[in-house]
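A structural walkthrough
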Amino acid sequence: MAQEYSVQLTFREQWTDERLKFDDIQGRLKYLTLTEANRVWMPDLFFSNEKEGHFHNIIMPNVYIRIFPNGSVLYSIRISLTLACPMNLKLYPLDRQICSLRMASYGWTTNDLVFLWKEGDPVQVVKNLHLPRFTLEKFLTDYCNSKTNTGEYSCLKVDLLFKREFSYYLIQIYIPCCMLVIVSWVSFWLDQGAVPARVSLGVTTLLTMATQTSGINASLPPVSYTKAIDVWTGVCLTFVFGALLEFALVNYASRSGSNKANMHKENMKKKRRDLEQASLDAASDLLDTDSNATFAMKPLVRHPGDPLALEKRLQCEVHMQAPKRPNCCKTWLSKFPTRQCSRSKRIDVISRITFPLVFALFNLVYWSTYLFREEEDETF
């Protein structure tokens with residue numbers, strides 16, 4: 001995008017030269033036609049925002065000059081122009097642009113030459129005007145006289161208001177970016193052990209999103225401010241990158257839980273071996289004692305008058321607590337154990353809910369913000 005536009009127009013201007021009056025032979029001669037402009041005096045008009053242009057000479061030069069009996073001169077020529085159009089791309093591709101066509105006198109000041117718009121309908125646009133990416137909403141005519149060190153020069157301008165067609169960008173940019181972000185979430189439903197599949201999916205979506213972002217920026221001029229499309233692609237790229245980082249966190253939590261589980265199993269095995277050894281040692285000690293030894297057996301049941309039983313009954317108290325209201329989030333999360341080996345699974349499950357909700361919230365804020373600003377520009 002070079003911030004310019006091309007136009008093909010039929011330019012007409014009319015002025016009166018008293019020196020060119022002639023007899024119309026009692027109304028039988030309406031006007032004289034010339035094809036060489038250098039035979040009469042002409043205003044030194046030029047297009048001030050022109051980059052390049054050319055006349056049309058196929059099959060004959062597309063120009064004529066009509067001289068009327070009262071000295072009025074009509075000059076008409078077909079021109080193709082490429083004109084500069086500085087654009088504000090902060091709302092791109094939801095923007096509207098105003099492109100001007102400026103016509104001014106090069107050497108004659110307003111003391112000698114003044115340009116005026118024709119009354120009625122000075123600018124005419126073809127009815128079936130179709131542009132590939134824009135819609136011409138309206139046009140306005142105005143004056144743009146300029147003052148310099150050499151004097152004041154007359155100037156006319158036409159402001160063309162273009163609205164960018166959004167459907168093209170919706171199909172080519174916004175929907176593919178949404179699809180890439182959603183595809184990156186598929187890794188949340190894959191098994192934690194499917195490392196090659198999850199890594200390949202994350203890296204592929206990240207590279208695809210980065211390539212699309214660079215392709216979009218390559219077709220736009222480098223500007224110092226942030227465009228609406230930059231916000232969209234930047235956030236989508238962040239979501240895709242976040243999905244890849246989420247797998248790295250899941251993989252780390254899974255390996256950390258496995259190591260701690262293995263250490264716990266080793267400790268349990270060691271304690272079990274110690275208990276077995278202690279039992280064997282106790283049994284061997286019993287076998288070594290005197291077989292005539294007697295053991296005193298105490299009764300297991302207390303009598304009603306036993307003061308110790310009464311004291312224990314008096315110390316018995318019952319504590320009851322009011323039931324708490326169930327928490328939906330805690331109830332849902334309680335389905336997944338808090339052991340280290342299950343922490344990675346909890347991260348995946350939470351990501352399945354968090355990522356879509358945050359992306360939906362971003363879409364709500366993005367579209368409400370930029371569409372509202374577009375309506376403000378339209379009213380202005």
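Rules used in this analysis
Residues numbered from 1 in each chain as written. Predicted model: local features only at pLDDT ≥ 70, side-chain atom pairs only at ≥ 80, totals over all residues. Heavy atoms only, no water. UniProt positions renumbered as here; feature names shortened; annotations may be inferred. Helix = DSSP H or I, 4+ residues; strand = E, 2+ residues; numbered from the N terminus. Disulfide = S-S within 2.5 Å. Buried < 20%, exposed > 50% of the residue type's maximum accessible area, 1.4 Å probe, protein only. Pairing = 2+ DSSP bridges. Axes fitted to C-alpha atoms, helices over the stretch in contact; angles between N-to-C directions.

Time to look at the UniProt feature "transmembrane region" (unreviewed entry) in the chain. When the UniProt feature table is mapped onto this chain, "transmembrane region" (unreviewed entry) is found at residues 166-190, 231-253 and 353-372. Taken end to end, residues 231-253 comprises 100% helix and 0% strand; its first and last C-alpha atoms sit 32 Å apart. Secondary structure content for residues 353-372 is 100% helix and 0% strand, while the C-alpha to C-alpha distance between its ends is 29 Å.

Turning our eyes to something else, we now look at the state of the cysteines. Evaluated as defined, the whole model comprises two disulfides. The disulfide that involves Cys85 links it to Cys99, with 2.0 Å between the sulfurs. Between Cys85 and Cys99, the disulfide has an S-S torsion of -80° and is therefore left-handed. With a gap of 14 residues between them, Cys85 in the loop between strand S6 (72-84) and strand S7 (96-105) and Cys99 in strand S7 connect regions that are remote in the sequence. For Cys99, a relative accessible area of 3% puts it in the buried group.

The subject of this paragraph is the sheet that holds strand S3 (residues 45-47). Here we have four strands laid out as an open sheet, ordered S3-S7-S11-S8, and antiparallel in their pairing. The sheet is open, and its two edges are formed by S3 and strand S8 (134-143), each paired on a single side. The sheet shows a mean angle of 20° between the axes of neighbouring strands, direction not considered. Pairing analysis gives three bridges linking S3 to S7, with the strands arranged antiparallel.

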